[in-house]
Amino acid sequence: MLNKCFQTIFFLPIKSKPKDFIFEGPSPKSFHYREVVIRFLTILFLSVLSPLVFFGYDFRSDEYLGLFIISLLRTIALWHGSMLIINYWTTRYSIFEQPIRLLAAQFLTLALFVYLVAEGEIMSMKWFTGIELPFATKMELIITTQLITFLISSIYASVGFFMQWKQNLIRAQSLEKATIEAQYESLKNQVNPHFLFNSLNTLLSIVEGNANAERYIENLSEFMRYILKNRERQGVSLKEELEVAAQYSFLQQSRFPRRLMISFEVSEVYHEKMIPPLTLQMLIENAIKHNEISNENTLNIKVFVDGLNNLVVENTLKRKIDSEPSTGIGLKNIRDRYLILLGKQIIIQEDQNKFSVLLPLS
C-alpha cells in the first residue's frame, strides 16, 4: 500500500481562492512564492521516487530514465489538472448555494480526469519503455488512486468550506459596520421620530390649501419614513431607491428652484436590481454639497443606465470656491457597502466639466 500512496499523493489539488473567498493576508506575494517552491520540489521528489517505489527500477536500470520522464509529465498533469478542475467548478457554483451541484461536478470530472491520466501513463509505459502491467494491477492502480484522490480532495474541500464560512462572517460584520455608519450619516440630525411625524402632521393641517407646501411636507415625511423603515436592511430594490431619491430631489429642488435640475432615466427592466439603501440620496447630496448652485450656475444631476449596465449618477462640475475639502467618507461608505453586498467595485470618473459615479448592476 505504501507504494500506491506514493503513486497517488501527487493528485493532491492546490486549492485557490474559492468564489466567495477574498485573500486579504498581509503578504500574498510571499504566500504565493512559498506555494510555488513547495509545489516544484514535491513534483520533482515524487517523479524521482515513483519509479523506485512503485515499479522497482533503480537509477542504474535502462528503464529508469523513461519512467522518470513519464512520471514527471504525469505528476505535472495530475497536480495542475486537478487544481484547475477543483477551482473551475468552485467559481461556477457556490458551496453555500449549490453544494450538491458543485460536489457532483467536481466528483465526476475529477474521476474522469484521473482515469484518463492513469490510462495515458499505462499506455506510455508500454510504448516507450516496453513495460506492460497486468490487467488486475491496472485496475487496482486506478481504483486506489481514485479513492486516495477523493479522500485528499475532501480534506481540502472541508478546509475551503471553513475559509469561505470565515470570510463570509467577516464580510457580514463589515457590512453591519458600514450599514451602521450609513445610518449615522443619514440620521445624525434626526429628532425623535414620533415627535417629528406628529409635528409634520400638525404642519400639514396648518398649511392646508397650499399645494406646494403640502407636497413638500408629504415628500419629507415619506423620505424620513423610508430612512426609518430601511435602516436595518442591507439591500433594497432599485425601484425603491429611485422613489426615495425622487422625494429627496423634490426637497432639494424646493431649496434651489430653477437652479437645481435632477432627472431620472432608468428603464423598468432594472427596477428589481438590488442596491444598498440611500445610495442615490447620498450621491445626490454629495453633488449638492460640493458644487456651486447659483443664478449663474445651474447644477444638473442625471441618473441613468449606460450601455454597460451601470447605474450612473452624473453631475455637472463647478466646485464651490469656499467649500471645505471633501473627506470622501460618503463615497467610501458607498464603495464599502456596494463591495460587501454585491461583490462589485463602483467606478468614479471625473473631468473638467463632469463628475460621475458608476454602480454596476450586473
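Residues numbered from 1 in each chain as written. Predicted model: local features only at pLDDT ≥ 70, side-chain atom pairs only at ≥ 80, totals over all residues. Heavy atoms only, no water.

### Some points on the overall build of the chain
- Across its full length, the chain carries ten helices and seven strands.
- Burial statistics for the chain: of 362 residues in total, 42% are counted as buried.
- For the chain, long-range pairs separated by at least 24 residues make up 73% of all intrachain contacts whose partners lie at least 6 apart in sequence.
- Approximately 21,100 Å² of the chain is accessible, and the part contributed by carbon and sulfur atoms is 60%. (Helix = DSSP H or I, 4+ residues; strand = E, 2+ residues; numbered from the N terminus. Buried < 20%, exposed > 50% of the residue type's maximum accessible area, 1.4 Å probe, protein only. Contact = heavy atoms within 4.5 Å. Areas by Shrake-Rupley, 256 points an atom, 1.4 Å probe, with all protein chains shown as cover.)

### Regarding the sheet that holds strand β2 (residues 260-265)
- Strand order in this open sheet of five strands is β2-β4-β5-β7-β6, and the pairing throughout is mixed. Two strands in the sheet have a free side with no partner beyond their single neighbour: β2 and β6 (347-350). Across the sheet, the axes of successive neighbouring strands diverge by a mean angle of 10 degrees, strand direction being ignored.
- Bridge count between strand β4 (residues 299-305) and strand β5 (residues 310-316): five bridges; the pairing is antiparallel. Among the inter-strand pairings, Phe-304 is bridged to a residue of β5, identified as Val-312. (Pairing = 2+ DSSP bridges. Axes fitted to C-alpha atoms, helices over the stretch in contact; angles between N-to-C directions.)

### Brief notes about the pattern of salt bridges
- The full count for this structure, using the stated rule, is five salt bridges.
- Close ionic contact of Glu-350 with Arg-319 constitutes a salt bridge, the shortest N to O distance being 3.0 Å. Placement of the pair is Glu-350 in strand β6 and Arg-319 in the loop between β5 and α10 (329-342), with a sequence separation of 31 residues.
- Judged by its relative accessible area of 42%, Arg-319 is partly exposed. (Salt bridge = Lys/Arg side-chain N within 4 Å of Asp/Glu carboxyl O.)

### Comments concerning helix α8 (residues 238-255)
- If you check α8, its first and last C-alpha atoms are 26 Å apart, about what 18 residues at 1.5 Å a residue would give, namely 26 Å.
- Turning to α8, its buried residues number three or more, namely Leu-238, Glu-241, Leu-242, Val-244, Ala-245, Gln-247, Tyr-248, Ser-249, Phe-250, Leu-251 and Gln-252. (Expected span 1.5 Å × (residues − 1).)

### Brief notes about the pairing of β4
- By the criterion of burial, β4 is predominantly enclosed, with five of the seven residues buried.
- Note: β2 against β4, six bridges, orientation parallel. Looking across to β4, one finds that Phe-264 is bridged to Val-303.
- Counting the residues in the hairpin turn of β4 and β5 gives four residues, including Asn-309, whose phi is positive at 60 degrees.

### Side note on the nonpolar core
- Counting residues in each nonpolar core, the largest one holds 41 residues, and the members touching the most others are Leu-238, Ile-301, Leu-311 and Leu-359.
- Mapped onto this core, the elements with two or more residues apiece are α7 (211-230), α8, β2, α9 (279-290), β4, β5, α10 and β7 (354-360).
- In terms of residue count, the dominant contributor to this core is α8 (seven residues).
- The residues contacting Ile-301, other than those within four sequence positions of it, are Leu-260, Met-261, Ile-262, Ser-263, Ile-284, Ala-287, Ile-288, Val-313, Glu-314 and Asn-315.
- Core analysis: the next-biggest nonpolar cluster, separate from the first, contains nine residues, Ile-86, Leu-102, Ala-105 and Val-114 among them. (Core = buried A, V, L, I, M, F, W, Y, C linked by side-chain atoms within 4.5 Å.)

### What about the packing of α7 against α8?
- Relative to each other, α7 and α8 sit at 135 degrees, their axes nearing to 9 Å. One finds that α7 runs oblique with respect to α8. Here α7 runs over α8; the crossing is left-handed. Of the residues in α8, those touching α7 at Asn-212, Arg-215, Tyr-216, Asn-219, Leu-220, Glu-222, Phe-223, Tyr-226 and Asn-230 are Glu-240, Glu-241, Val-244, Gln-247, Tyr-248, Phe-250, Leu-251 and Ser-254.
- Within the contact of α7 with α8, the residues separate by chemical class into eight nonpolar, five polar and four charged. (Parallel < 35°, antiparallel > 145°, perpendicular 65-115°, else oblique. Left-handed = near helix turned anticlockwise from the far one by under 90°. Nonpolar A, V, L, I, M, F, W, Y, C, P; charged D, E, K, R; others polar.)

### Regarding the packing of α9 against α10
- In the contact formed by α9 and α10, the axes pass within 10 Å of each other and the chain directions differ by 155 degrees. Considering the angle they form, α9 stands roughly antiparallel to α10. In the crossing of α9 with α10, the sense of the turn from one axis to the other is left-handed. Within the contact between the two elements, α9 uses Thr-279, Met-282, Leu-283 and Asn-286 and α10 uses Gly-330, Leu-331, Asn-333, Ile-334 and Arg-337.
- Considering only residue class, the contact of α9 with α10 consists of four nonpolar, four polar and one charged.

### Considering the packing of aromatic side chains
- Tallying each qualifying case throughout the model produces three aromatic pairs.
- Pairing Trp-89 with Tyr-93 gives two aromatic rings, centres 5.8 Å apart and planes at 5 degrees, and the pair type is stacked. Judged on exposure class, the residue Trp-89 and its partner Tyr-93 are both buried.
- Consider the rings of Phe-223 and Tyr-248, whose centres lie 5.3 Å apart with planes at 40 degrees: the pair is tilted. Taken together, the positions of Phe-223 in helix α7 and Tyr-248 in helix α8 put the pair 25 residues apart, joining distant regions of the chain. The same class applies to Phe-223 and to Tyr-248, which are both buried. (Phe/Tyr/Trp six-rings, centres within 6.5 Å; stacked < 30°, edge-to-face > 60°.)

Keep in mind these values describe shape, not function.
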